[in-house]
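Observations on the model geometry
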Amino acid sequence: MSGTRQRLGGEARFSPPWPDSPGLGLLDSRDSLSLPLLPRDCLSPSLQCQEYRGGVLAGDLCEDLCVTGTLRYRRCLYYERGKKVLQADWRGRPVILKAKEEAFSSFQQPGLPEAAAEDGGQDLPEAELLLLLAGEVRNALGLELSDGSLGPLRPGTRGRRRRGQLASLWSLVRQEEFVLLSLLQGLSRHALPVLGACGHFYAVEYLAAGSPRHRALFPLDGAAGAPRGSRGQAEAISTMALSFLDLVSHFDADLSHRLHLCDIKPENFAIRSDLTVVAIDVDMAFFEPKMREILEQNCTGDEDCNFFDCFSKCDLRVHRCGAERVNSNLQVICDKIFRHWFSSGLRTSAVPVQLQLQLRDAVQECADPGGTAGSPPRAAPGVFWKLQRLLQAMQRELQEAEK
């Protein structure tokens, strides 16, 4: 590894050059040939639906996309190096459609036996299909899963669209984020549920992303009770901060392996109406086995062992990065989220100055544990409980001020 690895794709955002229009549907029930084609930077409904009608692809959202018109394109949120993030309306609710690659044809089928390759594997026995599927999951996430753990990734029942169904499944399991979210389905309150898919596009719940432009980092207008004033904002911040701590604990201890978040910033999180924090972009989230595989690379110094927000140390005796991450999710959240909230005060007299100073110092200790010579680079376990205790005290003070 030479130099610090940098994220492919950067942070470029794409703004479509056409006005938003209900009639310019990504998803429209009218004959696709009568629709004006969208520019190549967004999904063309004609191509996606032609492939659906031809049996090339399938999915539980294809009917809504191509026949009933209950899934309709609204705008392109992100487009870079083939990855697309689109906003759409599905049966009256906003959703996000995602795909890692430009076209359905970009995804290759797994290595099928020669006799099964011609028909896309549709006649393969179920046991062989599950074996192939487990191999794809292992490649994507580094996990060894039994047949019973594949859950929502399992192929559906055989039918007339079997070939398109399997081709669509292979396109989805080649997308790490889809696989991760599917396996977390029903297990994590801090992850988005997968709502369905059509071909290589999958749909997730729409939540407004955070941004440094917001004073509270996240838009609070959709929160229950719509917090108002400095006191209301402080209450919301304390609740969100405690939810971030819950997310840290959950991803560290509640799953089969620790889940590492390597791209932590407000834009990759959102909040629900009850202020629960949700990770909405987990392209750079890795379970422990995959994390170790990523970190263990050649190096000439510690800077070569930094993978975005996930750091390792270089062993100069063998010029290899250690497989163990030396910082933590908590440390990076303290640095990139909590500092924004607590470093310069909360702008409310309802929280005593002494408590605000204690919070500021605890966040500093959490974010920069290596600030003193000889101290460990990872945040000490005790700082988690210190932050939780101080945030709960802050909530009590705010509740008392309301009486």
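Residues numbered from 1 in each chain as written. Predicted model: local features only at pLDDT ≥ 70, side-chain atom pairs only at ≥ 80, totals over all residues. Heavy atoms only, no water.

1. Concerning the overall build of the protein
Here is the rule we go by: The helix count covers DSSP runs of H or I at least four residues long, the strand count covers runs of E at least two residues long, and both are numbered beginning at the N terminus. Residues count as neighbours in contact if any of their non-hydrogen atoms are within 4.5 Å of one another. A 1.4 Å probe and the Shrake-Rupley method give the accessible areas. Residues count as covered only by the protein chains that appear here.
Assigned secondary structure in the protein consists of eleven helices and 13 strands. Expressed as a percentage of contacts within the protein between residues at least 6 apart in sequence, the contacts between residues at least 24 apart total 65%. When the accessible surface of the protein is summed, it comes to about 18,800 Å², and 50% of that surface belongs to carbon and sulfur atoms.

2. Thoughts on the confidence of the model for the protein
Our working definition: For every residue, the pLDDT score states the predictor's confidence, bounded by 0 at the bottom and 100 at the top.
The predicted model of the protein has a mean per-residue pLDDT of 84, with 81% of residues at 70 or higher. A low-confidence stretch, residues 1–41 (pLDDT under 50), is modelled with 104 contacts involving residues beyond four sequence positions or located in other chains. Contacts from residues 372–376, a stretch scored under 50 in pLDDT, to residues over four places away or in other chains number four contacts.

3. Comments concerning the pairing of strand E4 (residues 194–198)
Condition: When a residue's accessible area, from a 1.4 Å probe over protein chains only, is under 20% of the maximum for its type it is buried; when over 50% it is exposed; and in between it is partly exposed. DSSP calls a pair of strands paired once it identifies at least 2 bridges connecting them.
For E4, a buried count of four out of five residues is recorded, marking the element as mostly surrounded by other parts of the structure. Sheet topology note: the E4/strand E5 (residues 201–205) ladder contains four bridges and is antiparallel. From the neighbouring strand, Gly196 faces E5, where its bridge partner is Ala203. Here E4 folds back onto E5, and the loop between the two strands holds two residues, one of which, Gly199, carries a positive phi near 65°.

4. Looking at the pattern of salt bridges
Keep this limit in mind: Each reported salt bridge corresponds to a side-chain nitrogen of Lys or Arg within 4 Å of a carboxyl oxygen of Asp or Glu.
Applying the stated rule across the entire model yields 21 salt bridges. Between Glu176 and Lys100 there is a salt bridge, with the nearest N and O atoms lying 2.7 Å from each other. Highlighted residues: Glu176 in helix H6 (residues 176–184) and Lys100 in the loop between strand E3 (93–99) and helix H3 (114–117), separated in sequence by 76 residues. Accessibility expressed as a relative area gives 31% for Glu176, which makes it partly exposed. For Lys100, a relative accessible area of 33% corresponds to the partly exposed category.

5. A look at the nonpolar core
Rules: The set of buried Ala, Val, Leu, Ile, Met, Phe, Trp, Tyr and Cys residues whose side-chain atoms join them within 4.5 Å is what this entry labels a nonpolar core.
Within the largest apolar cluster, 89 residues are counted, with the highest numbers of intra-cluster contacts made by Phe338, Trp341, Phe342, Leu387 and Met394. Element by element, the count of residues in this core is highest for helix H7 (residues 229–253), at eleven residues. Discounting residues that sit within four places of it in the chain, Phe342 has contacts with Ile237, Ala241, Leu359, Arg360, Val363, Leu391 and Met394. Grouped together as the second largest cluster of nonpolar side chains are 21 residues, Tyr73, Cys76, Ala167 and Phe201 included.

6. Some details on empty space enclosed by the protein
Once rolled over the atoms, a probe with the size of a water molecule shows which space is left empty. Selection criterion: Both cavities and pockets are sets of points on a 1 Å grid over the protein atoms alone; in a cavity a 1.4 Å probe fits but cannot get out, in a pocket the set is open with protein on both sides within 12 Å along at least five of seven lines, and lining residues sit with an atom within 4 Å of a point. Grid points are joined across faces, edges and corners, and a volume is the space filled by probe spheres set on the points. Each residue receives one of three labels: charged for Asp, Glu, Lys and Arg, nonpolar for Ala, Val, Leu, Ile, Met, Phe, Trp, Tyr, Cys and Pro, and polar for the others, Gly being one of them.
On inspection of all chains with the given rule, the structure shows two cavities of 30 Å³ or more. In this structure, the largest cavity spans a volume of roughly 90 Å³. Tallied by class, residues from the lining of the largest cavity come to eight nonpolar, one polar and four charged.

7. Remarks on the sheet that holds strand E2 (residues 83–90)
In plain terms, the rule: Orientation is described by axes fitted as lines to C-alpha atoms, over the contacting stretch for helices, and by angles from 0 to 180 degrees between their N-to-C directions.
Across the sheet, five strands lie side by side as E1-E2-E3-E5-E4; this open sheet has antiparallel pairing. Looking along the sheet, the strands with just one partner apiece sit at the ends: strand E1 (71–80) and E4. With strand direction ignored, the average angle separating the axes of adjacent strands in the sheet is 25°. With four bridges connecting them, E3 and E5 associate as antiparallel partners. When the bridges of E5 are listed, Ile96 appears paired with Val204.

8. Side note on the packing of aromatic side chains
Convention followed: Here a pair means two rings of Phe, Tyr or Trp (six-membered ring of Trp) with centres within 6.5 Å. Their orientation is stacked below 30 degrees between planes, edge-to-face above 60, and tilted elsewhere. Whether a charge sits over a ring depends on NZ of Lys or CZ of Arg being within 6 Å of the ring centre and within 35 degrees of the ring normal.
Taken as a whole and judged by the stated rule, the model has eleven aromatic pairs. These aromatic residues form a ring-pair network of at least three members: Phe218, Phe244, Phe269, Phe338, Trp341 and Phe342. The side chain of Lys83 reaches across the aromatic face of Tyr78, ending 5.4 Å from its centre.

9. Digging into unusual backbone geometry
Unusually for a residue other than glycine, Arg91 sits at a positive phi of about 55°. Structurally, Arg91 can be placed in the loop between E2 and E3. On the basis of relative accessible area, Arg91 is assigned to the exposed category, the value being 58%. Positive phi, normally seen in glycine, also occurs at Arg347, with a value near 60°.

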